[in-house]
Every structure is written in C-alpha cells, then in structure tokens.
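Inside the fold
This is what each chain is made of:
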Amino acid sequence: MKKLILAAIIALGTNAAIQAQSVRFGIKGGANFANQNGDTPPAFESKESITSYHAGLVAEVKLIDKFAIQPELLYSTQGATYKNAVEEFKNELGYLSIPVVAKIGLSNSLNLELGPQASFLLSERKNVDLEDSKTFEFGVVGGLGLNITKNLFVQARYGLGLTEASKDADIKNSTIQLSAGIMF
C-alpha cells in the first residue's frame, strides 16, 4: 500500500512538471515606499517612510491555466528616516530579495500574487546611530499584477518583514512596491 501511494505521488509530481506549459523570463523595476515598523529608538521623536527603488530578474513557470509560480531575484532598498528635534537621519538598507510568489489568475489579465520572501543584506547606508542590521530577513509579500499585453505587466505589492531588521532594536521592514516589467 505504501509503495502504491508513493508511486501515485511521484506520478502526479512528474505529470505536473511535464505539463508545465511555459517558462518565461523577464526583468522588472520600480519604486519602493519603505518604512520600519516597531519601536522608535529613544533618541528620535519620529520616523517616516523613504522612497527608494527595486530592480531585477523574473521567471514565470506556468503550471496550469490561471496558476503559475514566479520566483524573482531583486535588488531592493528599504529603511526609514528618523527625526529628532535637531536633525533628520536616513537609514537605507540594500537587500538581495528573493520572493517566490504563487500567481493566481483572477481574470485573463489580473493576478493575485502571494508568497514568502528571503532577503540578504548587501549594503547599509546610514547616518543614524542604530544597532547593526541583521544580514538575513524573512518576510511575506502579497499584491496584484496586471498584464497590459502578453509581455508587459505592472504590479502592486506589500511586503512585510517577519524577522527583525536590527540586532537589538525591535523594528521590521515594510514596503509597498510599484513595479513595471517585461517578459521575454
């Protein structure tokens, strides 16, 4: 019985892989509206979002009609601006982000996109005395994608960090991304 179940699982997995209708590659880029949620460090009165950017590579693996997996490899800048009575300080973090989203077709041109995201810290440009940033962040992303043509698309996503962005401060990244891209 166990062998039969195992053979059925292997057959279904192989069938799904063989029936993958297409694999397409592309590029995308756009604006980030980033902030850091959590406690504001005591030396600062407030924090505000920053506007930054993201850009990178996209792959789309269509498994069945109206369902695809879309892994991405993006450079994304996130962070926040911290203010006190005298000055304003910007904390900008550059990540290599790897979201892997499930694309669920809501119509012929509109997609729901949901999935996990792993991010690795590549650069840290700060003129604020916060604790050192962590080098790995795990989060989730979700949003909508609109296919303008067969190859051109736009996306709107929200990304929420589930792990803390700093070693000693209780802050997590959150980002709204507006993207445009082309598939080849």
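Provided above is the structure to which this section pertains.
Read on for an overview of the structure. (Residues numbered from 1 in each chain as written. Predicted model: local features only at pLDDT ≥ 70, side-chain atom pairs only at ≥ 80, totals over all residues. Heavy atoms only, no water.)

A closer look at the overall build of the protein
- On a plain count of helices and strands, the protein comes out with 1 helix and 9 strands.
- Counted from the first residue to the last, the protein has its helices and strands arranged as α-β-β-β-β-β-β-β-β-β.
- Counting only contacts in the protein whose residues sit at least 6 apart along the sequence, the fraction spanning at least 24 positions is 61%.
- On the protein, roughly 10,000 Å² of surface is accessible, and the fraction owed to carbon and sulfur atoms is 65%. (Helix = DSSP H or I, 4+ residues; strand = E, 2+ residues; numbered from the N terminus. Contact = heavy atoms within 4.5 Å. Areas by Shrake-Rupley, 256 points an atom, 1.4 Å probe, with all protein chains shown as cover.)

Side note on the pairing of strand β7 (residues 136-147)
- As paired strands, β7 and strand β8 (residues 152-161) are joined by 9 bridges and run antiparallel to one another. Along β8, the bridge assignment pairs Leu146 with Val154. (Pairing = 2+ DSSP bridges.)

Considerations on the layout of surface pockets
- A volume near 420 Å³ is recorded for the largest pocket.
- Contributing to the lining of the largest pocket are 22 residues, with Glu60, Lys62, Asn108, Asn111 and Asn147 lying nearest its centre.
- When residues of the lining of the largest pocket are traced back to their parent elements, those giving at least two are β1 (22-38), β3 (50-64), β4 (67-83), β5 (88-105) and β8.
- Its residues assigned to classes, the lining of the largest pocket shows 6 nonpolar, 9 polar and 7 charged. (1 Å grid on protein atoms, 1.4 Å probe; cavity = no way out; pocket = protein on both sides within 12 Å on 5 of 7 lines; lining within 4 Å. Points joined across faces, edges and corners; volume = space filled by probe spheres on them. Nonpolar A, V, L, I, M, F, W, Y, C, P; charged D, E, K, R; others polar.)

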